Structures are given as structure tokens and as C-alpha cells.
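# Tertiary structure, described
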Amino acid sequence: QVQLVESGGGLVQAGDSLKLSCAASGRTFSDYCMGWFRQAPGKEREFVAAISRFGGSTYYVDSTKGRFTISRDNAKSTVYLQMNSLKAEDTAVYSCAADTSFNTLVQKNYGAIKYWGKGTLVTVSS
């Protein structure tokens, strides 16, 4: 089992930056690719970004390219999501996820993703 705990959410204004963290425990962190997903009120879950086991590959949804950066620190068993130039439409609960398959994360095969965190709320006021 892998336990994932997100932190760093909050209320910010449009144009501000925020950095989310997701701390993992339970298994060897570098065995897993990591992803960030979000779900806005009344909307379906959306893929945001993913990173491979050692950070060599990343992938983003088009709406966040150039604004969001996913990174990881395997020594700290933590994955990050740096969010810049935030917009009101970025408001959502952000969850991290872990899977041994990078493709499973980026193909948004939500039902097949092994582990999920409970999420952290990001609210962007316009």
C-alpha cells in the first residue's frame, strides 16, 4: 500500500502562485510514476500532469502547459506541483496519484490507477 497526503492548497488571487506537495509513504517511492489530477465543483475529474519514476519524463494537460510544473524528490518521497499565473478556472480539489505505469496516469485511466490521495482544495479568486 502507498499512502499519499497532499498539502499546500489554499485561497489565492488570480495571477498568484501556489506550490502543492504530495508526501508518499508505505512503498519505495521511486517505483512509482506520479500524477496530479483535479476536480472542480460540478465537473469531472481532470488530468493535470504526470512525472516518470526518476523525473525524466513529464506530461501536462494543454491548459496548464507553461504555467504548471511537476517535479519530484525521491529522497523525500514527495511530488510537487508548482502552479503559476493561476486563473479562476484552476479552482478545484487537487489530488495526487501513484501508479507503476506512466501511461496509465497520462491516459486518464482513472479506475486503473493504483493509489490516490484525498486531495487539497485550491481556490483562485478573480
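See the structure shown above.
Residues numbered from 1 in each chain as written. Predicted model: local features only at pLDDT ≥ 70, side-chain atom pairs only at ≥ 80, totals over all residues. Heavy atoms only, no water.

A word on the environment of R53. Looking at where R53 falls in the secondary structure, it is placed in the loop between β5 (46-51) and β6 (58-60). On the accessibility criterion, R53 (34% relative accessible area) is partly exposed. When the C-alpha positions of R53 and A98 are compared, they lie 9.9 Å apart, and in sequence the two are 45 residues distant. In this structure R53 touches S30, D31, Y32, C33, R72 and N74, once residues within four positions along its chain are discounted. (Helix = DSSP H or I, 4+ residues; strand = E, 2+ residues; numbered from the N terminus. Buried < 20%, exposed > 50% of the residue type's maximum accessible area, 1.4 Å probe, protein only. Contact = heavy atoms within 4.5 Å.)

This brings us to the sheet that holds strand β1 (residues 3-7). Strands sit in the order β1-β3-β8-β7 across an open sheet of four strands; the sheet is antiparallel. This sheet does not close on itself; its edge strands, each paired only once, are β1 and β7 (68-73). Along the sheet, successive strands turn relative to each other by an average axial angle of 15 degrees, direction set aside. Two elements, strand β3 (residues 18-25) and strand β8 (residues 78-83), share six bridges in a ladder whose sense is antiparallel. (Pairing = 2+ DSSP bridges. Axes fitted to C-alpha atoms, helices over the stretch in contact; angles between N-to-C directions.)

Counting 29 residues, the largest nonpolar core has L4, M34, W36, V79, L81, M83 and Y94 as the members making the most contacts within it. Elements with a contribution of two residues or more to this core: β3, β4 (33-39), β5, β7, β8, β9 (92-99) and β11 (120-125). Of all hydrophobic cores here, the second largest spans nine residues; its members include C33, F37, A97 and I113. (Core = buried A, V, L, I, M, F, W, Y, C linked by side-chain atoms within 4.5 Å.)

We now examine the pattern of salt bridges. Applying the stated criterion across every chain yields a total of six salt bridges. R38 is the partner of E46 in a salt bridge, and the nearest nitrogen-oxygen pair spans 2.7 Å. Residue D99 pairs with K114 through a salt bridge whose shortest N-O separation is 3.9 Å. Separated by 15 residues along the polypeptide, D99 in strand β9 and K114 in the loop between α1 (102-106) and β10 (115-116) bring together distant segments of the chain. We classify K114 as partly exposed; its relative accessible area is 46%. By sharing partners, the salt bridges in this structure join R38, E46, R67 and D90 into a single network. (Salt bridge = Lys/Arg side-chain N within 4 Å of Asp/Glu carboxyl O.)

Before going further, it helps to spend a moment on the state of the cysteines. Applying the stated criterion across every chain yields a total of one disulfide. In this model C22 forms its disulfide with C96; the gap between the sulfur atoms is 1.9 Å. Linking C22 and C96, the disulfide has an S-S dihedral of approximately 50 degrees and is accordingly described as right-handed. Linking C22 in strand β3 with C96 in strand β9, this pair joins segments that are 74 residues apart in sequence. With relative accessibility at 0%, the residue C22 sits in the buried group. (Disulfide = S-S within 2.5 Å.)

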